Amino acid sequence: MRHTEFWQRMEHALGSAYARSWASSVVMADLGRRTAQQAIDDGVPPKQVWAAVWRQLELPDRER
């Protein structure tokens, strides 16, 4: 998964106005107590970050 696809999925799940704010403010244990944005900035693969976001938001399987 590319970064652009990650952000598209975030915007689809949370809306374009809220996705980046959420990614910068919600700390997730699955990402080592980091936000999605921090994990991306630290070089965690977008696919791995999306998996953590997917679990955190309890999204349906079809959005995995």
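Residues numbered from 1 in each chain as written. Predicted model: local features only at pLDDT ≥ 70, side-chain atom pairs only at ≥ 80, totals over all residues. Heavy atoms only, no water.

Chemist: I tried to follow the packing of aromatic side chains on my own but got confused; where do I start?
Modeler: Geometrically, a pair of aromatic rings is defined through the distance of the ring centres and the angle of the planes. Throughout the structure, instances matching the rule amount to two aromatic pairs. Taking 6.4 Å as the distance between ring centres and 80° as the angle between the ring planes, the aromatic pair formed by Phe6 and Trp50 counts as edge-to-face. Note that Phe6 is positioned in helix α1 (residues 3–14) and Trp50 in helix α4 (residues 46–57), a separation of 44 residues in sequence. For Trp50, a relative accessible area of 2% gives the class buried. Clustering of aromatic rings is evident, with ring pairs tying together Phe6, Trp7 and Trp50. Lying across the ring of Trp7, Arg20 places its NZ or CZ 3.9 Å from the centre. (Phe/Tyr/Trp six-rings, centres within 6.5 Å; stacked < 30°, edge-to-face > 60°. Helix = DSSP H or I, 4+ residues; strand = E, 2+ residues; numbered from the N terminus. Buried < 20%, exposed > 50% of the residue type's maximum accessible area, 1.4 Å probe, protein only. Lys NZ or Arg CZ within 6 Å of the ring centre and 35° of its normal.)

Chemist: I'm lost on the pattern of salt bridges in this one. Help?
Modeler: Opposite charge on two side chains makes pairing possible when the charged atoms of those side chains draw close. Here the structure, examined in full by the defined rule, presents four salt bridges. A salt bridge links Asp42 to Arg34, with the shortest nitrogen-to-oxygen separation between them at 3.1 Å. For Arg64, the salt bridge identified is with Asp61, shortest N-O distance 3.4 Å. Side by side, Arg64 and Asp61 carry an identical accessibility label, which is exposed. (Salt bridge = Lys/Arg side-chain N within 4 Å of Asp/Glu carboxyl O.)

Chemist: What should I look at first to understand unusual backbone geometry in this one?
Modeler: Leaving glycine aside, a negative phi is the common case for residues, and trans is the common case for peptide bonds. Despite not being glycine, Arg33 shows a phi value in the positive range, around 65°. With respect to the secondary-structure elements, Arg33 resides in the loop between β1 (27–28) and β2 (34–35). For Arg33, a relative accessible area of 63% gives the class exposed. Notably, Glu58 is not glycine yet its phi reads approximately 55°, a positive angle. Summarising the element assignment, Glu58 is placed in the segment after α4.

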